[in-house]
Amino acid sequence: MPFDFRRLDIYRKVPKDLTQPTFTGAIISVCCCFFILFLFLSELTGFIATEIVNELYVDDPDKTSGGKIEVNLNISLPNLHCELIGLDIQDEMGRHEVGHIDKSMKIPLNNGDGCRFEGHFSINKVPGNFHVSTHSATAQPQNPDMTHVIHKLTFGDKLQVQNIHGAFNALEGADKLSSNPLASYDYILKIVPTVYEDMSGKQRYSYQYTVASKEYVAYSHTGRIIPAIWFRYDLSPITVKYTERRQPLYRFITTICAIVGGTFTVAGILDSCIFTASEAWKKIQLGKMQ
């Protein structure tokens, strides 16, 4: 006798004339389909969208930078002439540069009484400082006013990613216009290297930073007050890495199968319970159940 391959079918079919449609079953079926559609669209949205995963590790991520960090500074001093303002850079590698002018721009404010300083420069990856002062001026003013507003202070590449809310420009909007005009300002920065890797594997290197500040009056050895705006920085050995990822296709398919199968199973159990209870109630009304 030949083997009947159909005996391996685990999805046995029930003839339609042996099945009984019900109004309750129709309602459950429609609700079930809408529920499956809702979950499917939710999972599809999650599958299409990218997620950003972050991790921490100890390393210097940007080894091609030559040990340098690019800095962008934009600051307004509304009560100090442009010819008096200069940028000085110092660090523990022996760098001491007074009146740095490369890639910098000074824009007069308040009819020339104030100045907006915009600078783009590099610092070494060692502790140090850069400061805005009158140290490079040919003649020191009698009462320099260092009250200021910081518009931007960023390090490294600019990251324009919506899902990352880091402290890449922590000093943005810092307003010291109402402070003592002769005061010096210290901003102590802890710089944290940050790597962003997109879906194509391309990496961008930026830096977040935390900041603490203090305000004081400083006197020179001659007794004169020579205020300045100091940015003292140190680098954290910890690197933060953000990686773009998308849900794998196999996980999406598995989730969809679980949604469809689970929904139909639960709906079938619910329909079966309602149908059984309904039939029992009919029998009770007919007096067929003791």
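Residues numbered from 1 in each chain as written. Predicted model: local features only at pLDDT ≥ 70, side-chain atom pairs only at ≥ 80, totals over all residues. Heavy atoms only, no water.

Caption draft 1: Fine view of the pattern of salt bridges. Per the stated rule, a full pass over the model turns up five salt bridges. One salt bridge connects arginine 232 with aspartate 186, and the closest N-O pair in it is separated by 3.0 Å. Of the two residues, arginine 232 is situated in strand β12 (residues 229-235) and aspartate 186 in strand β10 (residues 184-197); the sequence distance between them amounts to 46 residues. Taking the relative accessible area as the measure of exposure, arginine 232 reaches 30% and is therefore partly exposed. (Salt bridge = Lys/Arg side-chain N within 4 Å of Asp/Glu carboxyl O. Helix = DSSP H or I, 4+ residues; strand = E, 2+ residues; numbered from the N terminus. Buried < 20%, exposed > 50% of the residue type's maximum accessible area, 1.4 Å probe, protein only.)

Caption draft 2: Molecular detail of the pairing of strand β7 (residues 128-133). Among the six residues that make up β7, six are buried, leaving the element largely enclosed by the rest of the structure. Of the two faces of β7, the one lined by Gly128, Phe130 and Val132 and the one lined by Asn129, His131 and Ser133 are each fully buried. Of the pairings in the sheet, the one linking strand β3 (residues 86-91) to β7 comprises six bridges and is antiparallel in character. Bridge pairing in β7 places aspartate 88 opposite histidine 131. Summarising the sheet, β7 and β12 pair through five bridges and their orientation is antiparallel. What sits directly across from histidine 131, in β12, is tryptophan 230. (Pairing = 2+ DSSP bridges.)

Caption draft 3: Representation of the UniProt feature "transmembrane region" (unreviewed entry) in the protein chain. When the UniProt feature table is mapped to this numbering, "transmembrane region" (unreviewed entry) covers residues 20-41 and 249-270. The span residues 20-41 is 86% helical and 0% strand by assignment, and the distance between its end C-alpha atoms comes to 32 Å. For the annotated span residues 249-270, helix accounts for 100% and strand for 0% of the residues, and the straight-line distance between the end C-alpha atoms is 31 Å. (UniProt positions renumbered as here; feature names shortened; annotations may be inferred.)

Caption draft 4: Highlighting the state of the cysteines. This structure, assessed with the given rule, holds one disulfide. Paired by a disulfide, cysteine 82 and cysteine 115 hold their sulfur atoms 2.2 Å apart. For the disulfide bridge between cysteine 82 and cysteine 115, the dihedral angle about the S-S bond is near 100°, and by the sign convention the bridge is right-handed. Taken together, the residues cysteine 82 in the loop between β2 (68-77) and β3 and cysteine 115 in strand β6 (residues 114-124) connect sequence positions 33 residues apart. For cysteine 32, which is in no disulfide, the shortest distance to another cysteine sulfur is to cysteine 33 and amounts to 5.7 Å. According to the relative accessible area criterion, cysteine 32 is buried, its value standing at 5%. Residue classification places cysteine 33 among the partly exposed positions, given a relative accessible area of 45%. (Disulfide = S-S within 2.5 Å.)

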